[in-house]
Amino acid sequence: MKQQHQTIRNIGVLTSGGDAPGMNAAIRAVVRGGIHDGFHVYGIRRGFHGLWRGDIDDLNGQSVSERLQRGGTFLMTARSATFNSPEGVQKAIEMAKVFNIDAIVTIGGDGTFRGARDLARQGMPVIGIPATIDNDIACSDYTIGYDTALNTAMEAIDKLRDTAMSHERCSVIEVMGRKAGYLALNVGIACGAEVIVIPEVELNFERDVIKVILQGRNSGKHHYIVIVAEGAGSASEMAQKIESVAGIEARATILGHLQRGGSPTNRDRTMASMMALQAIECLREGRLNRIIAYKNGSILDLDIEEALKAEKTIDAAEIARAGILSARRNF
Ligand code: F6P
């Protein structure tokens, strides 16, 4: 990696990848914290794609007022294919130089951090702030947007339970999470799901789904909630199989992008604000090419290359506890 010697004066901030509730709170804190510490802050619209195209404008304290409570990202976001080549990275760095941007704060998930690392390797200092509803950033116990998405999904599933109960049906609900099962597992616990299907655990359909549902029925249950993480399969296929094998009427619902919207919860606003101030502290103190992380109850920063090598798995104990709470043994 190239050495950084220049003083940081002008910083850019962008959001990239899937939006997450709390991204606006993070941008606001980068801007207000940055201005407090004497930085000039540029907003880069539409993620790396916007950086590449010079879609860049000044931000000030006023431009981020009334943003804290809003979902989405007012800087907008994109999944940039053009950026993913050495030429794309070079062009993005040249465009940053046009605006005298000395460092870039990137807010997003795994793909965003890989893009940031590519910039860092070519000499553009970066700081990454984890924001994705999937909570799947290995180096951090928490990602901005996760709590809001959990609550949004929970409210939707509570409503689905009302109708499943009235019709004595099995409601099979597919939640987001990409290749990870955090959202599914934790919303499943919060909603009292009978079955939670996640990519981290191999599924035996007869034992883990059919038998569990039938045991529930035989001990007096009349409706069932099955949560399927999108990375583990399809709710529609699962509903069809349950209906044909168990003979219980089943309906599938894909919660989809509604899980990404809405006003961020207190946790997401606070976490976003504090993580962003940590990013500004890194820039002020010359700790460059860092990822902000939440670890064991504290916000800290890690070297980007090291952070991207980390691996994350779901705690086996949490999975086991979800099983204890389901109806299968003790309803
Ligand atoms: O990473 C966030 C996420 O919402 C995933 O849970 C989901 O798989 C993906 O993004 C959907 O992406 P898109 O918005 O491109 O459809």
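Note: the structure precedes this text.
The following paragraphs examine the structure supplied in this document. (Residues numbered from 1 in each chain as written. Predicted model: local features only at pLDDT ≥ 70, side-chain atom pairs only at ≥ 80, totals over all residues. Heavy atoms only, no water.)

This brings us to the sheet that holds strand 9 (residues 250-254). Reading across from one edge, 7-8-6-9 is the order of the four strands in this open sheet, with parallel pairing throughout. Each having just a single partner strand, strand 7 (195-197) and strand 9 make up the two edges of the open sheet. Strand-to-strand twist in this sheet, taken as the mean axis angle between neighbours without regard to direction, amounts to 15°. With five bridges connecting them, strand 6 (residues 170-175) and strand 9 associate as parallel partners. Note on strand 9: the bridge partner recorded for Ile 173 is Thr 253. The sheet strands contacting helix 5 (residues 146-167) are strand 6, strand 8 (224-229) and strand 9, and the helix crosses strand 6 at an angle near 160°. (Pairing = 2+ DSSP bridges. Helix = DSSP H or I, 4+ residues; strand = E, 2+ residues; numbered from the N terminus. Axes fitted to C-alpha atoms, helices over the stretch in contact; angles between N-to-C directions. Contact = heavy atoms within 4.5 Å.)

Let's shift gears to the side chain of Asp 55. Relative to the helices and strands, Asp 55 resides in the loop between helix 2 (47-53) and strand 3 (56-59). Take Asp 55: its relative accessible area is 13%, and that puts it in the buried class. A polar side-chain atom of Asp 55 sits 2.6 Å from a polar atom in the side chain of Arg 46. Every residue in contact with Asp 55, bar those within four places of it in the chain, is listed here: Gly 43, Ile 44, Arg 45, Arg 46 and Gly 50. (Buried < 20%, exposed > 50% of the residue type's maximum accessible area, 1.4 Å probe, protein only. Polar contact = N/O pair within 3.5 Å; in protein donor to acceptor, adjacent residues only side chain to side chain.)

Time to look at the site of the ligand. Every residue lining the ligand is accounted for by Arg 79, Thr 132, Ile 133, Asp 134, Met 176, Gly 177, Arg 178, Glu 230, His 257 and Arg 260. When the free accessible area of the ligand is taken as 400 Å², the share hidden by the protein chains comes to 75%. Put simply, the ligand lies in the largest pocket. A per-class count over the shell around the ligand returns two nonpolar, three polar and five charged. (Near = heavy atom within 4 Å. Areas by Shrake-Rupley, 256 points an atom, 1.4 Å probe, with all protein chains shown as cover. 1 Å grid on protein atoms, 1.4 Å probe; cavity = no way out; pocket = protein on both sides within 12 Å on 5 of 7 lines; lining within 4 Å. Sits in = over half its atoms within 2 Å of the grid points. Nonpolar A, V, L, I, M, F, W, Y, C, P; charged D, E, K, R; others polar.)

In this structure, the largest pocket encloses a volume near 1000 Å³. Along the walls of the largest pocket sit 43 residues, with Gly 109, Asp 110, Gly 111, Arg 114 and Arg 178 positioned nearest its centre. It is helix 4 (residues 110-121) that provides the largest number of residues to the lining of the largest pocket, a total of seven residues. In terms of residue class, the lining of the largest pocket is made up of 17 nonpolar, 13 polar and 13 charged. Formed jointly, the lining of the largest pocket draws a minimum of three residues from each of two domains, domain 1 (10-145 + 264-309) and domain 2 (147-260). (Points joined across faces, edges and corners; volume = space filled by probe spheres on them. Domains from an automatic or database assignment.)

By themselves these figures say nothing about function.
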